[in-house]
Amino acid sequence: KLINQAYNSFAYLSILSDLNKSLEYRDLAIEQSLKNEDQHDLAFNYTQKAYILKFQKSDSVAHYLQLAREIYKKNPAPVYEGILLYNLAEYYGDLGYGDSLIFYGLKANELSKQTNYVQVSRVSKALLFAYYFNRQEYESAEPFARGALEIEKSRPSINYVSAFVDMARIQ
């Protein structure tokens, strides 16, 4: 378990400077998850690998997201599922599939409320806000901007400023 956590840390750190190195560490984490027979870690690592591959414009993104999804169907893990659903929403949004972005974004947002996972709730709301804002559907965008702002009020960070900017954009 500790080895897997180390690989995860290296993968996160290297994503800032070297995507290929990040993928190497993520593959080591996947290998360790398989060795440990830890399905939740495996699904999480598949999700994170897909996230890295997305930056490389790889065709394998959907494959890894689907692998993670299959594991979560058999072994529910709501917090990690929220991350997966958000990644699916973002991925399909990047491909231009607005209906899928909304579907998975709303599911991620709902699951994040159930699990009280604030970060997924914030990014899901921001993704849904951006979708509706870019379509100039300001009334639909507003609740997501307000929701993100409420989250950021409870945990001030740089995102707090971003949430205020989003609200200003729709006023």
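Rules and cut-offs
- Residues numbered from 1 in each chain as written.
- Predicted model: local features only at pLDDT ≥ 70, side-chain atom pairs only at ≥ 80, totals over all residues.
- Heavy atoms only, no water.
- Helix = DSSP H or I, 4+ residues; strand = E, 2+ residues; numbered from the N terminus.
- Expected span 1.5 Å × (residues − 1).
- Buried < 20%, exposed > 50% of the residue type's maximum accessible area, 1.4 Å probe, protein only.
- Core = buried A, V, L, I, M, F, W, Y, C linked by side-chain atoms within 4.5 Å.
- Contact = heavy atoms within 4.5 Å.
- Axes fitted to C-alpha atoms, helices over the stretch in contact; angles between N-to-C directions.
- Parallel < 35°, antiparallel > 145°, perpendicular 65-115°, else oblique.
- Left-handed = near helix turned anticlockwise from the far one by under 90°.
- Nonpolar A, V, L, I, M, F, W, Y, C, P; charged D, E, K, R; others polar.
- 1 Å grid on protein atoms, 1.4 Å probe; cavity = no way out; pocket = protein on both sides within 12 Å on 5 of 7 lines; lining within 4 Å.
- Points joined across faces, edges and corners; volume = space filled by probe spheres on them.

J.: Just give me the short version of helix 2 (residues 19-36), but keep the residues and values in it.
T.: Between its first and last C-alpha, helix 2 extends 25 Å over 18 residues, near the 26 Å set by a 1.5 Å rise per residue. Among the residues of helix 2, Ser22, Leu23, Arg26, Ala29, Ile30, Gln32 and Ser33 are the ones counted as buried. Phi turns positive one or two residues past the end of helix 2, at Glu37, with a value near 55 degrees.

J.: Hey, could you go over the nonpolar core for me, with residue numbers and the actual values?
T.: Tyr46, Leu65 and Tyr72 are the most contacted members of the largest nonpolar core, which has 38 residues in total. Elements that contribute at least two residues to this core include exactly helix 2, helix 3 (39-55), helix 4 (61-74), helix 5 (78-94), helix 6 (98-115), helix 7 (118-134) and helix 8 (138-154). Leave out the neighbours within four places in its chain, and Tyr46 touches Ile30, Tyr64, Leu67, Ala68 and Ile71.

J.: Give a detailed account of the packing of helix 5 against helix 6, specifying residues and quantitative values.
T.: Here helix 5 crosses helix 6 at 160 degrees, and the two axes come no closer than 8 Å. Here helix 6 runs roughly antiparallel to helix 5, going by the angle between their axes. Helix 6 is crossed by helix 5, and the crossing has left-handed handedness. Between helix 5 and helix 6, the contacting residues are Pro78, Val79, Glu81, Gly82, Leu85, Tyr86, Leu88, Ala89, Tyr92 and Gly93 on the first element and Ser100, Leu101, Tyr104, Gly105, Lys107, Ala108, Leu111 and Thr115 on the second. Looking at the contact of helix 5 with helix 6 residue by residue, the classes come out as 11 nonpolar, 5 polar and 2 charged.

J.: Describe in detail empty space enclosed by the protein, supporting the description with residues and values.
T.: Applying the stated criterion across every chain, the model contains 1 cavity of 30 Å³ or more. The volume enclosed by the largest cavity comes to roughly 40 Å³. Lining the largest cavity are Ala50, Tyr51, Lys54, Val61, Leu65, Asn87, Glu90 and Tyr91. Residue assignment for the lining of the largest cavity shows that the elements contributing at least two residues are helix 3, helix 4 and helix 5. For the lining of the largest cavity, the residue count by class is 5 nonpolar, 1 polar and 2 charged.

J.: Any chance you could break down the layout of surface pockets for me, citing the residues and the numbers?
T.: Looking at the second largest pocket, its volume works out to about 170 Å³. When residues in the lining of the second largest pocket are grouped by element, the largest group, 4 residues, is from helix 5. The residue makeup of the lining of the second largest pocket, split by class, is 5 nonpolar, no polar and 4 charged.

J.: Describe the environment of Ile151, and please don't skip the residues or the numbers.
T.: Here Ile151 is to be found in helix 8. In sequence terms Ile151 and Ser121 are 30 residues apart; their C-alpha atoms lie 8.2 Å from each other. The contact partners of Ile151, leaving out residues within four places of it in the chain, are Val118, Ser121, Arg122 and Lys125.

J.: For the side chain of Asn87, give the residues involved together with the corresponding values.
T.: When you line up the elements, Asn87 lands in helix 5. If near-sequence neighbours (up to four positions away) are discounted, Asn87 is found in contact with Thr47, Gln48, Tyr51 and Leu65.

By themselves, these are just geometric observations and shouldn't be taken as functional.
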